[in-house]
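The residues making up each chain are set out below.
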Amino acid sequence: MATYQHAEAILHVENVGVAYGEKQIIEHITFTEKDVLRPDVVQGQTIAFVGRSGRGKSTLFRSLAGLEQPTQGEVMISDLQAPIKEGENPPLRKVREGDVGFVSQNYVLFRHKTIQQAMEFAMRKQSLPAAEKDKKITQYLKDWGLYAVRHQYPNELSGGQRQRTAILEQVLSSTNYIILDEPFSGLDVGNIQNAINAFRLINQSHELATIIFCTHDIDLAVEMADSLYVLGYPTNADGTLHPVGTLVKHFDLKTRGLAWKDHFSPEHKALVEEIKEAILAS
Ligand SMILES: Nc1ncnc2c1ncn2[C@@H]1O[C@H](COP(=O)(O)OP(=O)(O)OP(=O)(O)O)[C@@H](O)[C@H]1O
Ligand SMILES: [Mg+2]
């Protein structure tokens, strides 16, 4: 089993709820994710959310990204700008819009920018020499099957090409957190593999690199995540479901020895079934 230690919290969500008018969509969402330290490996966190359609994943994600102020509770992330001493972890502060890279389920692209221009714009704040930036962009575009269409505008792209562009924009511009709302839907098997590889690389680029995503593909969630939450409706005492989304189950793949594996084992498969049961029951 992989050995690891927990360090400081990197994400703390305290009693978050969101209501639209009278209608409570999600409530009582509380969880903490900690930096995980693995000997001799730089490894950020990968956190997956799964659950049936309409349970509030996208709603929660907008709050996690600071795009929407939750009606109740708060979302705290590591303050990477805070002055800290060598070897110390940054303190937590309330998330603000722009802290976190966000790829929405209804991804939006700059209509007046070609893919190439969008990538250059995404990297504008990085202090790399122009030639290095260009090399990096070219490599990503090739890996993600976008190189041939790099001079085309969003209205000249397929849905999958637009989605990959939206993800890459965040990959290239993000600091430490990337939140992806169903990043795999609409991608073909090759694109999915490229996306998985890219997320692994991001994850291993920085000790605090954090990827948060949701998906309806439970196999993929189990393959990628080291921590997985089921967002669903909790069960009332009389056996009926209470129709407000909350975290009904947490699966820690690290404690199960299933995180960071190259192979999808029978234990992974068994976990997929366990997760599906939890989803169906909520
Ligand atoms: N702006 C809004 N005003 C009112 N209700 C909303 C609004 N946005 C979302 N909802 C409702 O909140 C609930 C949760 O929606 P949300 O998009 O978060 O679900 P989801 O889990 O992401 O679903 P899916 O898996 O289909 O993407 C739905 O019932 C939806 O109709
Ligand atoms: Mg959604």
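Residues numbered from 1 in each chain as written. Chains lettered and ligands numbered in written order. Predicted model: local features only at pLDDT ≥ 70, side-chain atom pairs only at ≥ 80, totals over all residues. Heavy atoms only, no water.

For the protein, an unreviewed UniProt entry supplies the name ABC transporter ATP-binding protein and the organism Neolewinella lacunae.

Student: Tell me about the overall build of the protein, residues and numbers included.
Tutor: A tally of helices and strands in the protein yields seven helices and 10 strands. Against the 2.2 N^0.38 benchmark of 19 Å for 282 residues, the protein shows a C-alpha radius of gyration of 19 Å, consistent with a compact globule. In terms of principal-axis extent, the alpha carbons of the protein reach across some 60 × 45 × 40 Å. Buried positions account for 52% of the 282 residues belonging to the protein. If you take every contact in the protein between residues at least 6 apart in sequence, the share linking residues at least 24 apart comes to 68%. Within the protein, one finds 29 positive and 35 negative side-chain charges whose respective centroids are separated by 5 Å. (Helix = DSSP H or I, 4+ residues; strand = E, 2+ residues; numbered from the N terminus. Rg over C-alpha atoms; globule rule 2.2 N^0.38 Å. Buried < 20%, exposed > 50% of the residue type's maximum accessible area, 1.4 Å probe, protein only. Contact = heavy atoms within 4.5 Å. Lys, Arg positive; Asp, Glu negative; His and termini not counted. Charge placed at Lys NZ, Arg CZ, Asp CG, Glu CD.)

Student: With reference to specific residues and values, describe the pairing of strand S4 (residues 72-78).
Tutor: Relative to S4, strand S1 (residues 5-20) runs antiparallel, the two sharing five bridges. Each residue of the ladder has a partner; that of valine 13, found in S4, is valine 75. Here three bridges tie S4 to strand S5 (residues 92-94), and the two strands are oriented antiparallel to one another. Directly across from methionine 76, in S5, lies its bridge partner lysine 94. (Pairing = 2+ DSSP bridges.)

Student: Can you lay out the pattern of salt bridges for me, pointing to particular residues and giving the numbers?
Tutor: Under the defined criterion, the tally for this structure stands at eight salt bridges. Its salt-bridge partner being lysine 254, residue aspartate 226 comes within 4.0 Å of it at the nearest N-O pair. Separated by 28 residues along the polypeptide, aspartate 226 in the loop between helix H6 (218-224) and strand S9 (227-232) and lysine 254 in the loop between strand S10 (246-252) and helix H7 (266-280) bring together distant segments of the chain. Taken as a pair, aspartate 226 and lysine 254 share a single burial class, namely buried. (Salt bridge = Lys/Arg side-chain N within 4 Å of Asp/Glu carboxyl O.)

Student: Residues and numbers for the packing of helix H2 (residues 115-122) against helix H3 (residues 130-143), please.
Tutor: Running from N to C, H2 and H3 cross one another at 130°; their axes reach a closest spacing of 10 Å. By the angle between their directions, the pair H2 and H3 is classed as oblique. Helix-helix and strand crossings are classified by hand; for H2 and H3 the assignment is right-handed. Here H2 contributes Ile115, Gln116, Met119 and Glu120 to the contact with H3, which in turn contributes Asp134, Ile137 and Leu141. By residue class, the composition of the contact of H2 with H3 is four nonpolar, one polar and two charged. (Axes fitted to C-alpha atoms, helices over the stretch in contact; angles between N-to-C directions. Parallel < 35°, antiparallel > 145°, perpendicular 65-115°, else oblique. Left-handed = near helix turned anticlockwise from the far one by under 90°. Nonpolar A, V, L, I, M, F, W, Y, C, P; charged D, E, K, R; others polar.)

Student: Can you explain the sheet that holds S4? Please cite residues and give values.
Tutor: The strand order S2-S1-S4-S5 describes an open sheet built from four strands, whose pairing is antiparallel. Single-partner strands in this sheet number two, and they are strand S2 (23-37) and S5. The sheet shows a mean angle of 30° between the axes of neighbouring strands, taken without regard to direction. In the packing of helix H1 (residues 57-64) onto the sheet, contacts are made with S1, S2 and S4, and the angle to S1 comes to roughly 120°.

Student: Give me the lowdown on the domain arrangement of the protein, citing residues and values where you can.
Tutor: Taken as a whole, the protein is organised into domain 1 (5-100 + 174-280) and domain 2 (101-173). The distance between the C-alpha centroids of domain 1 and domain 2 comes to 24 Å. Interface area, domain 1 with domain 2, both sides summed: about 1,600 Å², of which 55% is carbon and sulfur. Considering only the side of domain 1, the residues that lose the most area to domain 2 are Ser174, Asp181 and Asn194, jointly responsible for 28% of the buried surface there. Taken together, the links from domain 1 to domain 2 amount to zero salt bridges. Where domain 1 meets domain 2, there are nine residue pairs in polar contact (both at pLDDT 80 or more). For the side of domain 1 that touches domain 2, the secondary-structure elements that each account for two or more residues are H1, strand S7 (177-181) and helix H5 (189-203). Sort the elements by how many residues they give to the side of domain 1 that touches domain 2 and H5 lands first, with six residues. (Domains from an automatic or database assignment. Buried area = accessible area lost by both parts, 1.4 Å probe. Polar contact = N/O pair within 3.5 Å; in protein donor to acceptor, adjacent residues only side chain to side chain.)

Student: Residue-level account of the site of ligand 1, with values.
Tutor: Ser53, Gly54, Lys57, Ser58 and Thr59 are the nearest of the 15 residues found near ligand 1. Taking glycine 56, its main chain carries an N or O atom lying 2.9 Å from an oxygen atom of ligand 1. Taking glutamate 182, its side chain carries an N or O atom lying 3.4 Å from an oxygen atom of ligand 1. Considering ligand 1 on its own, with 640 Å² of exposed area, one finds that the protein chains cover 62% of that surface. Contributing elements (two or more residues each) for the shell around ligand 1: S2 and H1. Ranked by residues supplied to the shell around ligand 1, first place goes to H1 with four residues. Class assignment of the residues belonging to the shell around ligand 1 gives a composition of two nonpolar, seven polar and six charged. (Near = heavy atom within 4 Å. Areas by Shrake-Rupley, 256 points an atom, 1.4 Å probe, with all protein chains shown as cover.)

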